[in-house]
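# Summary of the model geometry
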Amino acid sequence: GGAHLRAGADDVRGVERWLGLLSNETRELWEIFRPTGSFNVDIEDFHIAGDGKPSFRAIVRHYDTTARLGALGLELRHLSGPMAVTESGVHFGKLTASEPATAEVLGVGIEVEGELGFREGELRLRLLPAPLEAILSSLLATRSEKGESPLRSLISLLRARGTIEGHLTLGFQRGQCDRVLG
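Residues numbered from 1 in each chain as written. Predicted model: local features only at pLDDT ≥ 70, side-chain atom pairs only at ≥ 80, totals over all residues. Heavy atoms only, no water.

## Regarding the overall build of the chain
Secondary structure assignment for the chain yields 3 helices and 10 strands. Along the chain, from the amino end to the carboxyl end, the secondary structure elements read β-α-β-β-β-β-β-β-β-α-α-β-β. Taking all 182 residues of the chain together, 33% fall into the buried category. A sequence separation of at least 24 residues applies to 52% of the contacts in the chain between residues at least 6 apart. (Helix = DSSP H or I, 4+ residues; strand = E, 2+ residues; numbered from the N terminus. Buried < 20%, exposed > 50% of the residue type's maximum accessible area, 1.4 Å probe, protein only. Contact = heavy atoms within 4.5 Å.)

Structure, rendered in structure tokens:
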């Protein structure tokens, strides 16, 4: 028994006004990331069983969204690509679709993959090959270092050349980032 619903919405904005319709866990997850920007939503299935518990799956497609990574203070900028939302949390990457979600952190391109449940989760950020000099310049810009500084002098002395790529894994427990590996 029960009922099924399928729906979609394009160019969704101002979601903060609708947060009261979401479960407490979903609102807490929303508060961690505080996304801004527009996105499309395709509710693939929303089902309420006879016991009253909902199950659902929606695909959210971001086009130019900004989301922060909890208390780390880092922001995913220009987030684009798919994210699945289910009753257990949000899912990025291969679990969602054939294409990865992409974004920028400190001006550097990344791919985003992972799952964030309401109690715990893990995001894996793959840093795409980028010039080392650009990364260091971007890092200095975020630190608001103007003129000469010990860090700027060290970078200049090292004459950073080449490229950098890698992985960063962020572990979350109860809405707080408690583990950073990379």
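Read on, since the account is not over.
## A closer look at the side chain of Thr86
Tracing the chain through its elements places Thr86 in strand 4 (residues 75-86). Separated by 2.9 Å, the side chains of Thr86 and Ser88 make a polar contact. Not counting the four nearest positions on each side in its chain, Thr86 is found in contact with Phe56, Arg57, His91 and Phe118. (Polar contact = N/O pair within 3.5 Å; in protein donor to acceptor, adjacent residues only side chain to side chain.)

## Points about the pairing of strand 3 (residues 54-68)
Strand direction decides the pairing type here: strand 2 (residues 39-48) and strand 3, joined by 9 bridges, are antiparallel. Bridge assignment links Phe46 to a residue of strand 3, and that residue is Phe56. Where strand 2 folds back onto strand 3 in an antiparallel hairpin, the turn is made up of 5 residues, including Gly52, whose phi is positive at roughly 85°. Sheet analysis places strand 3 next to strand 4, joined by 9 bridges and oriented antiparallel. Across the sheet, residue Ala67 finds its bridge partner in strand 4, namely Leu76. (Pairing = 2+ DSSP bridges.)

## Quick word on helix 1 (residues 24-33)
A turn of α-helix holds 3.6 residues, and therefore any two residues three or four places apart point the same way. Among the residues making up helix 1, those that are buried are Leu29, Trp30, Ile32 and Phe33. Down the axis, helix 1 shows its buried residues gathered within 155° of arc, on one side only. Those residues of helix 1 hidden inside the fold are in contact with strand 3, strand 5 (89-92), strand 7 (108-117), strand 8 (120-131) and strand 9 (163-173). Just downstream of helix 1 lies Arg34, where phi reads positive at about 40°. (Arc of directions from axis to C-beta.)

## Focus: the environment of Trp30
Structurally, the position occupied by Trp30 is in helix 1. Through-space distance from the C-alpha of Trp30 to that of Leu19 is 8.6 Å; in sequence the pair is 11 residues apart. When near neighbours in sequence (up to four residues on either side) are disregarded, Trp30 contacts Val15, Glu16, Leu19 and Pro35.

## Observations concerning the nonpolar core
Residues Phe33, Leu76, Phe92, Ile110, Val112 and Leu123 are the most contacted members of the largest nonpolar core, which totals 30 residues. Mapped onto this core, the elements with two or more residues apiece are helix 1, strand 3, strand 4, strand 5, strand 6 (101-105), strand 7, strand 8 and strand 9. With residues near it in sequence (within four places) discarded, Phe33 still touches Ala67, Arg68, Leu69, Leu116 and Leu123. (Core = buried A, V, L, I, M, F, W, Y, C linked by side-chain atoms within 4.5 Å.)

## Notes on the pattern of salt bridges
Two side chains that carry opposite charge are able to pair once their charged atoms sit near each other. For the coordinates displayed, the defined rule picks out 5 salt bridges. Between Arg124 and Glu122 there is a salt bridge, with the nearest N and O atoms lying 3.0 Å from each other. Its relative accessible area of 27% is what places Arg124 among the partly exposed residues. Judged by relative accessible area, Glu122 falls into the partly exposed class, the value being 25%. Where salt bridges share partners, they join Glu113, Glu115, Glu122 and Arg124 into one cluster. (Salt bridge = Lys/Arg side-chain N within 4 Å of Asp/Glu carboxyl O.)

## A few points about unusual backbone geometry
Note: most residues except glycine have negative phi, and most peptide bonds are trans. At His78, a residue that is not glycine, the phi angle is positive and equals roughly 55°. Structurally, His78 can be placed in strand 4.

## A closer look at the side chain of Thr169
Relative to the helices and strands, Thr169 resides in strand 9. For Thr169, a relative accessible area of 16% puts it in the buried group. Apart from residues lying up to four places away in sequence, Thr169 is in contact with Glu122, Leu123, Arg124, Arg179, Val180 and Leu181.

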